[in-house]
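So you can see what is in the structure, the chains are spelled out below.
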Amino acid sequence: MIRAAIRPATVADFDGILALLESCGLPSSDLTAERLDGFQVAVGDAGIVSVAGLEQVGDEALLRSVAVDPQLRGSGLGGCLVDATIALAQTRSIRALYLIPNDESAYAFFARRGFTRIERDSVPRAVRCLPEFTHLCPQTHPCLWRSLSSGRSQ
């Protein structure tokens, strides 16, 4: 596995996060340097090599902007970062995480981590009102979710 330190994102990480998201084809137009609370990064010798964010609404959250430098995919780094982000969500008393995978590979990645498909209209309204659901991600992409309150999917 690649050597990288996982830590909370800071304002100074903003440009690196945007560059990584852009290189991975993920939306970022709604992000600002001041809205990185809940984001974590993995930092290696070359700078930010992975990112994942929580966008919390009440006791639920959107798991968003999960990206790994394309050259490091398959190294286990993404799984470590997602696990760390789930642990962060649990410390914040988040009951469930929702996400919109951008392709089949991402869908399979999250399915291996206990996320299951959910219909868009079953996603809580507060989460559905976030930009990723309203206009940043295609409406045709599936939605996934994972319960954190019992450690199992519904």
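Residues numbered from 1 in each chain as written. Predicted model: local features only at pLDDT ≥ 70, side-chain atom pairs only at ≥ 80, totals over all residues. Heavy atoms only, no water.

### Things to note about the pairing of strand S3 (residues 47-57)
Consideration 1: Counting buried positions over the 11 residues of S3 gives 9, a clear majority of the element.
Consideration 2: Two strands pair when backbone bridges link them, and strand S2 (residues 39-44) and S3 are joined in this way by 6 bridges, in the antiparallel orientation. Its bridge partner lying in S3, Gln 40 is registered against Ala 52.
Consideration 3: The loop that links S2 with its antiparallel partner S3 comprises 2 residues.
Consideration 4: Bridge count between S3 and strand S4 (residues 60-68): 7 bridges; the pairing is antiparallel. (Buried < 20%, exposed > 50% of the residue type's maximum accessible area, 1.4 Å probe, protein only. Helix = DSSP H or I, 4+ residues; strand = E, 2+ residues; numbered from the N terminus. Pairing = 2+ DSSP bridges.)

### Regarding the sheet that holds S3
Consideration 1: Strand order in the open sheet formed by 7 strands is S1-S2-S3-S4-S5-S7-S6, with mixed pairing between adjacent strands. Looking at which strands have only one partner, the edges of the open sheet turn out to be strand S1 (5-8) and strand S6 (116-118). For this sheet the average axis-to-axis angle between neighbouring strands, irrespective of direction, equals 30°.
Consideration 2: On top of the sheet, helix H1 (residues 14-23) reaches S2, S3 and S4; it is set at about 95° to S3, its chief contact. (Axes fitted to C-alpha atoms, helices over the stretch in contact; angles between N-to-C directions. Contact = heavy atoms within 4.5 Å.)

### Here we look at helix H2 (residues 77-91)
Consideration 1: An ideal rise of 1.5 Å per residue puts 21 Å on 15 residues; H2 measures up with 21 Å between its terminal C-alpha atoms.
Consideration 2: Taken together, the buried positions of H2 are Leu 77, Gly 78, Gly 79, Leu 81, Val 82, Thr 85, Ile 86, Leu 88 and Ala 89.
Consideration 3: Backbone geometry just after H2 places Ser 93 at a positive phi near 60°. (Expected span 1.5 Å × (residues − 1).)

### Notes on unusual backbone geometry
Consideration 1: In this model, Ser 65 sits at a positive phi of 55°, which is unusual for a non-glycine residue.
Consideration 2: Relative to the assigned elements, Ser 65 resides in strand S4.
Consideration 3: Here Ser 93, not a glycine, exhibits a phi torsion of approximately 60°, which is positive.
Consideration 4: By secondary structure assignment, the location of Ser 93 is in the loop between H2 and strand S5 (96-99).
Consideration 5: Assessed through its relative accessible area of 55%, Ser 93 is described here as exposed.

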